[in-house]
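Summary of structural features
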Amino acid sequence: MVEQTPLPARYYRDNFVVLVQSVSQRYLDLFDDTEQAHIQALLALDQDAQCLLVRLLTRVGPWVRSDQLNYPEILDLELSIARLEAQGWISTRPELDVLSLSRLLRKAELQALWPALPKAERKAQWQQRLYEQYTDAQRPLQQWWPKAPMRLLSIERYALLHRLQVLFFASNRPDLSQFVIVALGHQRFESYPLHPQYRAYANRHELEWHIQRGVLREALAQASLEDTATDAEVRAQLLARQREVPSQASTGLWLALAERAAKRQDWRRALSAYRRVATPPGPERVVRTLGRLGRWRFAERAMNAIIPQTDTERNALERFRASIHKALDKPTPKRSRFWAQSFTLCLPDDGERVERQVQRHLRNAGWQSLWCENALLSAIFGLMYWEVIFADVPYAFDHAFQRGPRDQYHPQFWARRAALRAQCEAQWQARASWACELQRRYEAKAGVQNRWFHAERVPWSAIAALLARMDKPVLWALLQRLASDLRHYRSGLPDLFAWREQQYRFIEVKGPGDRLQESQTAWLAYFAAQDVHYDVAIVTRP
DNA sequence: GTGGGATTGG
DNA sequence: TTCACACTATCCT
DNA sequence: GATAGTGTGTCTCCAATCCCACTA
Ligand SMILES: [Mn+2]
Ligand SMILES: [Mn+2]
C-alpha cells in the first residue's frame, strides 16, 4: 500500500541528517580530528546548503551542471553554492577530462563546440575521437568551453561522505533512496531490534579494507585478462592485509584471481590462489590444477585429504578421480552413478518455453502445476524458519533495511541460533497440521522483504497443494537438507511442481540440447532416496 | 515521430 | 549487478 | 560425457523526463 500523505519538502535532507547522526554516534572513533570537525560542520550547515549538498550527492556526478539544478525547496541556490564552496564541500571550478565533459554535454553542444566532428557519427564515436585528441588532459569547463552558459559543481570530500553512507548501510553500495522507498510504502522490512554497540566495523582498518575490497573487485572485473599488473596488485594487497582481517571476506578475490590465472593457463599462480579458497570450489580446483601441472600424485593425495562439504563437491571429485587414476595407470573403479527417471514428450516448437509447453501438456492430463524452480521449497523454508532467520543475534542486523541477517551464509549461522532452531523445529513437530500456521505466516509476511519467501512467485494454493499431498517427514527431510547448506541447496530444484487429486510430482523439464546440471542431479538423487515423486520431462521435436 | 536506456525525484 | 538457469562449443571416448 | 564459456531473465519501487538513435 502506498502512503497517502506527501513527504516533507526536504525529506531527503532529513534522511541524510538521520544517517549522519546515527553514524557519528556509533562510529565517531573511526574518524580522525579533521573528519570529526567536518562531520560537525556538516550538521551545522544551514538547511539550504545541506539540501543542495545532498541533492548533489544523489546525482550521478561527480560533476553536475548548474543549469540542471532545479530545486524549488532550496530558497537561495546561489547563497547555498557560495556557502558550500566556502566551507570546502563543493568546487565550482572543477577540472575534468574530455570524456567526462562529453558525458555532461548534449550532442548538439558538442557539435557547437567542435564543429569538425562528423554529424553522421554517433556520440560514442565522437567521444572516441575527442579522447584520441585530448587523452586525459584535465581542464576546467571554462577552458574547454569559454562561452559555456552554465557552471559545473563537483563534490569535494566525497571520501568522507561516502564513508558515512557505507557505515550506515554496512555496504559498498549504499543507497539513500531506501529511506524514501520505505516511506512511500514501496518496500516493507521486517522489524528487528538494532543494537548500535554491535558494530559492523570494529575500527577504521576494517572499514577501509571493506571499501578497498570493493575497489579491487571492480578493478579485476574491468581488467583484461592480459593485464596481469592488476592481478599482482590485488594479490599483494590481499597478502598484506590477511593478518588484520578475517580471511573469509577475501575468498571472493582469491577465487577471482585464481580463475583469471587459470584462464591464462598460469597454473602455478592459479594453484597458489585456489589454495586460499577454503570453501567450494576451492579445494576441488586445487586438485584439478595439480593435475594441470602434471603433479598427479599430489593431486591424488590432495583429493583424498578433502572432506567434501557438499555432495556437489563430492561428485566433482569423483568425476576427476577417473582422470587421476588414468594418469597414474591405476585401474579405475566403476562408480555407481545416479540416473534420474525420465519420460519423453514430443512437442512441436511453438515459440513458447518448454516449461510452459509441459505445463500445458500436464493440464490436458488433469494436472495443475506451478513453474517455481527453487521458489517453492525456499518459501516453505523461509516461512517455517522466519523467527530464526530474523532472530536477534549480535551483528546480524545493522540497519533497518536488511532483507536478512548479515551472516546468512556464514558457517556458524545455525550454531549461533541453535537453541532457537531447536525450539522452532520442536514447535513445528508438535503441530498436527502445518497448513494453518503456514497460511497465517504467508499472509503476514507477504510483501515483507526477505531472501526466501516471495509471495508473487508462489501462490498459497501451491503450498497448500504440496502440504496436502507430501508426507510431513519427507518434507521435513527436504527442509533439513536445505538447512544443512543454505547457499548450496537453495538451487537445483525442479522447474515444476504439479498435482492432481492426491498425487504430486516435481518435474524438471529439459528441452533439446539441455541437460541436467550438477545441482539438479543432486536434488533428484535425494528425491529418489526419500521417495519424493519426481520426473524429468525430456522434450523432443518432431 | 517512436522507442529505449539512463536519469531523476518522491 | 548478481544469481540461477539455459544454451553452445570443444574435446574426448 | 566432461568441461568451459556465453546468454538471459530477474533482481530491491515507480512514474516522469531527458537524451539519443533510428525511421519516415
Ligand atoms: Mn529451469
Ligand atoms: Mn529445466
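Residues numbered from 1 in each chain as written. Chains lettered and ligands numbered in written order. Predicted model: local features only at pLDDT ≥ 70, side-chain atom pairs only at ≥ 80, totals over all residues. Heavy atoms only, no water.

Remarks on helix α4 (residues 77–86)
Those residues of α4 lying buried are S80, I81 and L84. In a view along the axis of α4, the buried residues occupy a sector of 100°, so they form one face of it. Next to the buried residues of α4 lie α3 (47–58), β2 (90–91) and β5 (152–155). Among the residues of α4, the N-terminal cap falls to D76, whose side-chain oxygen and the backbone nitrogen of E78 are separated by 3.4 Å. Positive phi appears at G88, one or two residues downstream of α4, with a value of about 80°. (Buried < 20%, exposed > 50% of the residue type's maximum accessible area, 1.4 Å probe, protein only. Helix = DSSP H or I, 4+ residues; strand = E, 2+ residues; numbered from the N terminus. Arc of directions from axis to C-beta. Contact = heavy atoms within 4.5 Å. Polar contact = N/O pair within 3.5 Å; in protein donor to acceptor, adjacent residues only side chain to side chain.)

Describing the coordination of the manganese ion (ligand 2)
Looking at the manganese ion (ligand 2), one finds its protein donor set to be D495 (OD), E508 (OE) and V509 (O), positioned 1.9 to 2.2 Å from the metal centre. Motif for the manganese ion (ligand 2), donor spacing along one chain: D-x12-E-V. A separation of 3.5 Å is found between the manganese ion (ligand 2) and the manganese ion (ligand 1), which are bridged by D495. Residue D495 is located in the loop between α25 (486–489) and β10 (496–500), and its partner E508 is located in strand β11 (residues 503–510); the two are separated by 13 residues in the primary sequence. There is no split in this pair, since D495 and E508 are both buried. (Donors = N, O, S within 2.8 Å, 3.2 Å for Na, K, Ca; no water.)

Remarks on the packing of aromatic side chains
Tallying each qualifying case throughout the model produces 35 aromatic pairs. Between Y134 and W144 the ring centres are 5.1 Å apart and the planes differ by 85°, which places this aromatic pair in the edge-to-face class. Here the residue Y134 occupies a position in helix α7 (residues 123–134), and W144 occupies one in helix α8 (residues 141–144), the gap between them amounting to 10 residues. With a centroid separation of 6.3 Å and an interplanar angle of 80°, the aromatic rings of Y504 and F506 are classed as edge-to-face. Looking at Y504, the relative accessible area reads 4%, which means it is buried. (Phe/Tyr/Trp six-rings, centres within 6.5 Å; stacked < 30°, edge-to-face > 60°.)

Structural notes on the coordination of the manganese ion (ligand 1)
Within the first shell, the manganese ion (ligand 1) binds the protein through E373 (OE), E373 (OE) and D495 (OD), at distances of 1.9 to 2.8 Å. Its relative accessible area of 3% is what places D495 among the buried residues.

Side note on the protein's contact with DNA strand C
The immediate surroundings of DNA strand C are formed by 17 residues, with R173, E373, N374, K510 and Q520 found nearest. Of all atoms in DNA strand C that approach within 4 Å of the protein, 88% are sugar or phosphate atoms. Contact distances for DNA strand C include 2.6 Å between a phosphate oxygen and a side-chain N or O atom of N374. Backbone polar atom of G492 to a phosphate oxygen of DNA strand C: 3.1 Å apart, as the coordinates give it. Counted by class, the surface near DNA strand C contains no nonpolar, seven polar and 10 charged residues. (Near = heavy atom within 4 Å. Nonpolar A, V, L, I, M, F, W, Y, C, P; charged D, E, K, R; others polar.)

Structural notes on the sheet that holds β2
One open sheet accounts for three strands, arranged β1-β5-β2; its pairing is antiparallel. The open sheet is flanked by β1 (63–65) and β2, the only strands paired with a single partner. Looking at chain direction, β2 and β5 are connected through two bridges and run antiparallel. Counted as the bridge partner of S91 is S154 from β5. Together, β1, β2 and β5 form the strand contacts of α3, whose direction differs from that of β5 by roughly 90°. (Pairing = 2+ DSSP bridges. Axes fitted to C-alpha atoms, helices over the stretch in contact; angles between N-to-C directions.)

A word on the sheet that holds β10
Taking strand neighbours across the sheet as the criterion, the five strands line up as β7-β12-β11-β10-β8 in an open arrangement whose pairing is mixed. Edge positions in the sheet fall to β7 (342–346) and β8 (368–371), since each of these pairs with one other strand and no more. Between one strand axis and the next, the sheet turns through 30° on average, direction left out of account. With five bridges connecting them, β10 and β11 associate as antiparallel partners. In the sheet register, W499 faces β11, and the bridge partner there is Y504.

What about the environment of E508?
The exposure class assigned to E508 is buried, which follows from its relative accessible area of 2%. Put simply, E508 and V64 are 444 residues apart on the chain and 51 Å apart in space, counted from C-alpha to C-alpha. Excluding residues that lie within four positions of it along the chain, E508 makes contacts with L493, P494, D495, L516, Q520, D535, V536 and A537. Among the polar contacts listed, one links the side chain of E508 to the side chain of K510, at a separation of 3.3 Å.

Structural notes on the layout of surface pockets
In this structure, the second largest pocket encloses a volume near 580 Å³. Forming the walls of the second largest pocket are 20 residues, and the residues nearest its centre are N315, R337, F338, W339 and T521. At the level of secondary structure, the elements contributing two or more residues to the lining of the second largest pocket comprise α17 (311–327), α26 (518–529) and β12 (534–540). Of the residues that constitute the lining of the second largest pocket, the class distribution is eight nonpolar, five polar and seven charged. (1 Å grid on protein atoms, 1.4 Å probe; cavity = no way out; pocket = protein on both sides within 12 Å on 5 of 7 lines; lining within 4 Å. Points joined across faces, edges and corners; volume = space filled by probe spheres on them.)

Regarding the nonpolar core
Counting residues in hydrophobic clusters, the biggest one holds 62 residues, and the most contacted among them are F381, I463 and F506. Ranked by size, the runner-up nonpolar core spans 44 residues in total, among them F16, I74, I155 and V166. (Core = buried A, V, L, I, M, F, W, Y, C linked by side-chain atoms within 4.5 Å.)

Let's talk about the protein's contact with DNA strand B
Around DNA strand B, the neighbouring residues are L7, Y11, R55, R59, V60, Y71, S177, V180, L184 and H186. For DNA strand B, the fraction of atoms within 4 Å of the protein that belong to sugar or phosphate moieties is 63%. Separating a phosphate oxygen of DNA strand B from a side-chain N or O atom of Y11 is a distance of 2.9 Å. Between a phosphate oxygen of DNA strand B and a main-chain N or O atom of V60, the distance comes to 3.1 Å. Here the residues of the surface near DNA strand B sort into six nonpolar, two polar and two charged.

Some remarks on the side chain of T251
Looking at the element boundaries, T251 is found in helix α13 (residues 251–263). T251 gets classed as buried once you look at its relative accessible area, which sits at 17%. Contact partners of T251, with chain neighbours within four places excluded, come to V277 and T279.

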